[in-house]
Amino acid sequence: MTEEIQDRIQQGIELMAAQRYEAARDAFIGVLKLDKGNYEAHFNLANAYVNLGEVDAGVDEFKKALLAREGSDEALYGLACALFLGGHNAEAVREFNRCEQRGRATTEMYQILQAIFVDAGDYVQAVRYANKAIQLEPLNAQLYLDKAQILLLREQPREAVSCLREVEDLLPDSAEPYIVEAQILVQSKDGDAALASIDRAVGRFPDDPTLHLTRARVLNELERYVDALPELDRAEGLAGGSDALLHDIAFQRAIALAGSKDLDASIAELERAAELGDASDETLFLLITECGGTRRFEEAERYADRVLTGERDVDARTRAAAVYWKAASMKELGREDEAQAAFREAVGVLRRITISNPGLVDGYAYRLMCHKELGEYDRALDLADHIIGLSPDNAAGYAFKADVLEAQGNGDEARTLREKAASLGPQVNTKR
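Below: a short report on this structure. This one's a predicted model, so the numbers in the text were calculated from it and none came from an experiment.

## Some points on unusual backbone geometry
- Phi is positive for Gln-19, which is not a glycine, with a value near 60°.
- With respect to the helices and strands, the residue Gln-19 is situated in the loop between α1 (3–17) and α2 (21–34).

Pasting the structure below:
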């Protein structure tokens, strides 16, 4: 290798270190014009392309680097990573396996392989690579957290909790394992065990606001709303100036207040949460539905507009609520012509939402109510039957169908359905 080529390669490496990737790319291309088979130029050019987002070009250069130096472990590893970044997962797995066979095994590699197999739904393989990562770094607590999440995906909550207990020993100064453990236990419908986990953590970290927030979240899940409120006061007293944490506290307080039947106070907390940075989808959803449900239609329309005209994407349930309550609020505020057009438009939007999210019961319910407002009772009844088919043990579908039958003047059948709904659970409010 001539001195000029060495100087040009060094210049390119320095440009890479300064994150001037376009200039580095040009420098390495210049080297290859002088020395077509130069390994260093191909290898570094591949990294420049990857950093510029030109991943497929990076893959090609890594392959050329391997041709220039067949036994290069770093080029093979770079190729595998580039294939993964380019979405070529099967090829990436093959090349990572070759790396492992050559004795090049890294924690990062096993974490990438975990991600590939989680994405493919092959949780057995994902756990296998999680274990390999842990073998390399047995004191890395994040690896145990990753494994716990995979075990949860495998529907093995007990094994996930056991994994987290190992983390508690590795991280005596961290509250995160306890929080994740509590979330898993709540999802497994073991609220008492979730509270016990958080209580152990509070004993270690009494001044950690996230623990008091998590405890309140668990209490809300258990419908112990009165007990959740003082826990949220403690969390807020310890939270300092973190807007994200204060948002979550306000949201959980809103849930506790709504559960305690104090909807005005709940809405006030939701409004406070919405002012703290970028409001979560859950906050906007509850603001729209609670304002609509308490006949605060101007506010319901305002928050619906915030969702529908905002630049940020929101989840399907929140968008469905916004589309319906925008139209419903127009009607209740006396803008009948606008409302009819909005209901008609909402039907089309909600149909697209339910096609993309076939299990979203709320989407079908809002579609049903739009058809009912438009006097399209047969379509509304079809949707009520669909909701019942999706959740035959849920009172909502029967209550919605009763509403439509009453609007048609079929009071006797509606009463029978209301009795059915009452036998399945608490009274469902399906009316504005």
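## Some points on the pattern of salt bridges
- A complete count under the given rule lists 32 salt bridges for this structure.
- The closest approach of N and O atoms between Arg-215 and Asp-199, which form a salt bridge, is 2.7 Å. Of this pair, Arg-215 sits in helix α13 (residues 209–221) while Asp-199 is found in helix α12 (residues 191–204), placing the two residues 16 residues apart along the sequence.
- Arg-215 sits in the buried class, given a relative accessible area of 18%.
- With a shortest N-O distance of 3.3 Å, Glu-406 and Arg-418 are connected by a salt bridge. A residue pair is termed long-range when its members are at least 10 positions apart, and Glu-406 in helix α23 (residues 395–408) and Arg-418 in helix α24 (residues 411–424) qualify at twelve residues.
- Here Glu-406 falls in the partly exposed class, since its relative accessible area comes to 35%.
- Taken together, the salt bridges that share partners define one network made up of Asp-233, Glu-236, Arg-253, Glu-269 and Arg-272.

## Quick notes on the environment of Glu-176
- Among the secondary structure elements, Glu-176 is positioned in helix α11 (residues 176–187).
- Sequence-wise, Glu-176 and Phe-84 are 92 residues apart; in three dimensions their C-alpha atoms are separated by 29 Å.

## A closer look at the packing of helix α15 (residues 243–259) against helix α17 (residues 281–293)
- One way to put it is that α15 packs onto α17 with a least axis distance of 11 Å and a crossing angle of 35°. The interaxial crossing formed by α15 with α17 has left-handed handedness. Across the interface between the two elements, His-247, Phe-251, Ile-255 and Ala-258 of α15 pack against Glu-282, Thr-283, Leu-286 and Glu-290 of α17.
- The residue makeup of the contact of α15 with α17, split by class, is four nonpolar, two polar and two charged.

Parameters at a glance
- Residues numbered from 1 in each chain as written.
- Predicted model: local features only at pLDDT ≥ 70, side-chain atom pairs only at ≥ 80, totals over all residues.
- Heavy atoms only, no water.
- Helix = DSSP H or I, 4+ residues; strand = E, 2+ residues; numbered from the N terminus.
- Salt bridge = Lys/Arg side-chain N within 4 Å of Asp/Glu carboxyl O.
- Buried < 20%, exposed > 50% of the residue type's maximum accessible area, 1.4 Å probe, protein only.
- Axes fitted to C-alpha atoms, helices over the stretch in contact; angles between N-to-C directions.
- Left-handed = near helix turned anticlockwise from the far one by under 90°.
- Contact = heavy atoms within 4.5 Å.
- Nonpolar A, V, L, I, M, F, W, Y, C, P; charged D, E, K, R; others polar.

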